[in-house]
Amino acid sequence: METYGYLFDLALILLSTKLLGLLTKKFNMPQVVGALLAGVILGPAVLGIMGETSFIKELAEIGVIVLMFCAGMETDIQELKNSGKASFIIALIGVLVPIAGGFAVAYFFNRPDMIVSDASGSIFLQNIFIGVILTATSVSITVETLKEIGKLKTSSGNAILGAAIIDDILGIIALTIITSAADPSVVIGVVLLKIVAFFAFAAVAGFLFYKFYVSWFEKSGKGMHRHSIVVFVFCLLMSYVAEEWFGVTDITGAFIAGLIISCTQKTQYVAAKFDTLSYLLLSPVFFASIGLKVVLPDMNVTVVLFAVILTIVAVLTKIVGCGIGAKLCKYSGKDSMRIGVGMISRGEVALIVASKGAVVGLLGTNFLGPIVIVVLITTIITPILLKIAYKDAQEENGLPEEVGSFAKNYEKLEKYRKN
C-alpha cells in the first residue's frame, strides 16, 4: 500500500528548521545552525521522531547540488583566478596538518590498553585513516553562512571556496592512497587520471554550452523561464558526470557549472530563481538531513575522551593549517583566521569518508561514535565561529551590520530588476 508519510516528514522538517532558525537568529547566530539542530532533535540522537529516508536523502542531495551551483554563480571569477594559487597552498597545508593531527591522536588511543579496535586493517593504516577523515571539508555549511552574512563575494570568501574545492580533490587522492594500501583493487594512477580528465571535460563542456546555447540565447533574449530550466539541466548533468564518470564529488560538478553560468548574462535572474527554490525547500531538507544522520552509540570514558580530544584537534588543525597557508599567501591576520574557520566544518563529507574506510577495514565500530561527535560539533560551531570572525567586517563604511546587509540586498534587488 502506498504511504504518504514523507509529506508529514517534509512538513515537520520545514516547520522545525524555520522555527529553530528564527530562534538561533534571535541569539545572533546564523539560521543554518537552527536547521542543523532541528535535524539532530528530530532524529535518532534525541527524540527519534524520524530518520533519514531515501526520499529525504535524495532530496537533500539535490539541495546541496543547488546550494553549490548558486555559490558558483555568485562567485567572482576574477577574484577566484587571483586566489587560485593561494587556494591550492591553503588547501594543501589544510590537508597535511589535519592528517598529522588525526594520526597523532589515533596513535595514542588506538591501542589494546586504551581502545580496542575491531577493524581488520593494520594499526598504522587505521591511524592514518583517522587523519584522512579530518581532512574533509563540508563547504556547503560555510557557503550558506557566508551568503547569510553577505560575505561570499569577498577575498577571503573566494579563497575558502577555492580551497574547499581543491581540498575535496586532495581528500579524494588521500582517501584513494590509503584505501589502495588496504584494498589492492583500487589503482591510484587511474583515480588521478580521472580527476584530470574531469576538469578537461568540464572545460570542453563549458565552452560548447556557451558557444552553442548561451550565445544563441543572449542574441534572442527570449524565453527566460526556459533558460532557467536549461541551466538547471546543465547543472544536474555536470553533477552526474562528475560523480558517475570521473569519481569526483557531484557538488564539484555543480560548482563548476555555476562558475560557467556566472560568465553569462542574466545570471542574477537565474540566481534569484534558484535562491527561492533553495530557501523554500531544498536547503532546509539538506541541513536537517545532516542532523538526522547523527546516531550516538554507547561510549565509555576513554572513548568519550578520545572524542573530545579529536574534536579539539579537528578544529585547531584546520584553523592553524589553512590559516598558515593563507598567511603565507599574504592574507591579513583577520582574513587568515576567517579562512581557517571557514574550513572547520566536516559535515556529511567526513561521514562518507568514514563509511568508505569502514568497508575496507580501516575504521572500527568503537571509533565511529567519536567521528560522529566531531562531525556534529564542527558542523554546528562553524557558522557561529564564522559570524564572530566576520564581526568586524560586518560594518561597511561605518554603518551597522543591519544597514550594511540591507544595502547589499537592495543592490542585489536592483541588479535583478534591471536584468
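Residues numbered from 1 in each chain as written. Predicted model: local features only at pLDDT ≥ 70, side-chain atom pairs only at ≥ 80, totals over all residues. Heavy atoms only, no water.

Caption draft 1: Local environment of the overall build of the protein. Looking only at helices and strands, one finds 17 helices and 0 strands in the protein. Taking all 419 residues of the protein together, 52% fall into the buried category. A separation threshold of at least 6 residues defines the contact pool for the protein, and within that pool the share at least 24 residues apart is 82%. Entry remark: accessible area of the protein is about 19100 Å², with carbon and sulfur atoms responsible for 68%. (Helix = DSSP H or I, 4+ residues; strand = E, 2+ residues; numbered from the N terminus. Buried < 20%, exposed > 50% of the residue type's maximum accessible area, 1.4 Å probe, protein only. Contact = heavy atoms within 4.5 Å. Areas by Shrake-Rupley, 256 points an atom, 1.4 Å probe, with all protein chains shown as cover.)

Caption draft 2: How the structure looks around the nonpolar core. Core analysis: the largest hydrophobic core is formed by 94 residues, its most contacted members being Met-68, Phe-69 and Phe-287. For this core, the element with the most residues is helix H3 (residues 54–73), which contributes 12 residues. Excluding residues that lie within four positions of it along the chain, Phe-69 makes contacts with Val-231, Cys-235, Ala-254, Ala-257, Gly-258, Ile-261 and Phe-274. With 29 residues, the next largest nonpolar core counts Ile-115, Val-132, Ile-133 and Leu-363 among its residues. (Core = buried A, V, L, I, M, F, W, Y, C linked by side-chain atoms within 4.5 Å.)

Caption draft 3: Representation of the packing of helix H1 (residues 5–26) against helix H2 (residues 31–42) in the model. H2 packs onto H1 with a crossing angle of 130 degrees between their chain directions and a minimal axis gap of 7 Å. By the angle class used here, H1 and H2 are oblique. Every pair of crossing elements has a handedness; the one defined by H1 and H2 is right-handed. Here Leu-12, Ile-13, Ser-16, Thr-17, Lys-18, Leu-20, Gly-21, Leu-22, Thr-24 and Lys-25 of H1 lie close against H2, whose contacting residues are Gln-31, Val-33, Gly-34, Ala-35, Leu-37, Ala-38, Ile-41 and Leu-42. Per-class residue counts for the contact of H1 with H2 are 10 nonpolar, 6 polar and 2 charged. (Axes fitted to C-alpha atoms, helices over the stretch in contact; angles between N-to-C directions. Parallel < 35°, antiparallel > 145°, perpendicular 65-115°, else oblique. Left-handed = near helix turned anticlockwise from the far one by under 90°. Nonpolar A, V, L, I, M, F, W, Y, C, P; charged D, E, K, R; others polar.)

Caption draft 4: Up close: the pattern of salt bridges. Tallied over the full model, the rule gives 3 salt bridges. The partner of Asp-275 in a salt bridge is Lys-147, and the shortest N-O contact between them spans 3.3 Å. Taken as a pair, Asp-275 in helix H12 (residues 267–292) and Lys-147 in helix H7 (residues 139–148) lie far apart in primary sequence, 128 residues in all. The exposure class assigned to Asp-275 is buried, which follows from its relative accessible area of 19%. In this structure, Arg-338 engages Asp-335 in a salt bridge whose closest nitrogen and oxygen atoms are separated by 2.8 Å. Separated by 3 residues within a single helix, Arg-338 and Asp-335 lie in helix H14 (residues 333–342), roughly one turn from each other. Of the two residues examined, Arg-338 and Asp-335, each falls in the buried class. (Salt bridge = Lys/Arg side-chain N within 4 Å of Asp/Glu carboxyl O.)

Caption draft 5: Inspection of the side chain of Thr-379 at higher detail. Tracing the sequence through the fold places Thr-379 in helix H16 (residues 365–389). Assessed through its relative accessible area of 2%, Thr-379 is described here as buried. Of note is the side chain of Thr-379, whose polar atom sits 2.5 Å from the backbone oxygen of Val-375. (Polar contact = N/O pair within 3.5 Å; in protein donor to acceptor, adjacent residues only side chain to side chain.)

Caption draft 6: View of unusual backbone geometry. At Lys-330, a residue that is not glycine, the phi angle is positive and equals roughly 75 degrees. By the secondary structure assignment, Lys-330 is in the loop between helix H13 (301–328) and H14. Here Lys-330 falls in the exposed class, since its relative accessible area comes to 76%.

Caption draft 7: Here's a closer look at the environment of Leu-386. Position of Leu-386 among the secondary structure elements: in helix H16. Residue classification places Leu-386 among the buried residues on the basis of a relative accessible area of 0%. C-alpha of Leu-386 to C-alpha of Met-29: the two residues are 357 residues apart in sequence and 9.6 Å apart in space. Apart from the residues lying within four places of it in its own chain, the contact partners of Leu-386 are Thr-142, Thr-145, Leu-146, Ile-149, Arg-338, Val-341 and Gly-342.

The values are spatial; any link to function lies outside them.
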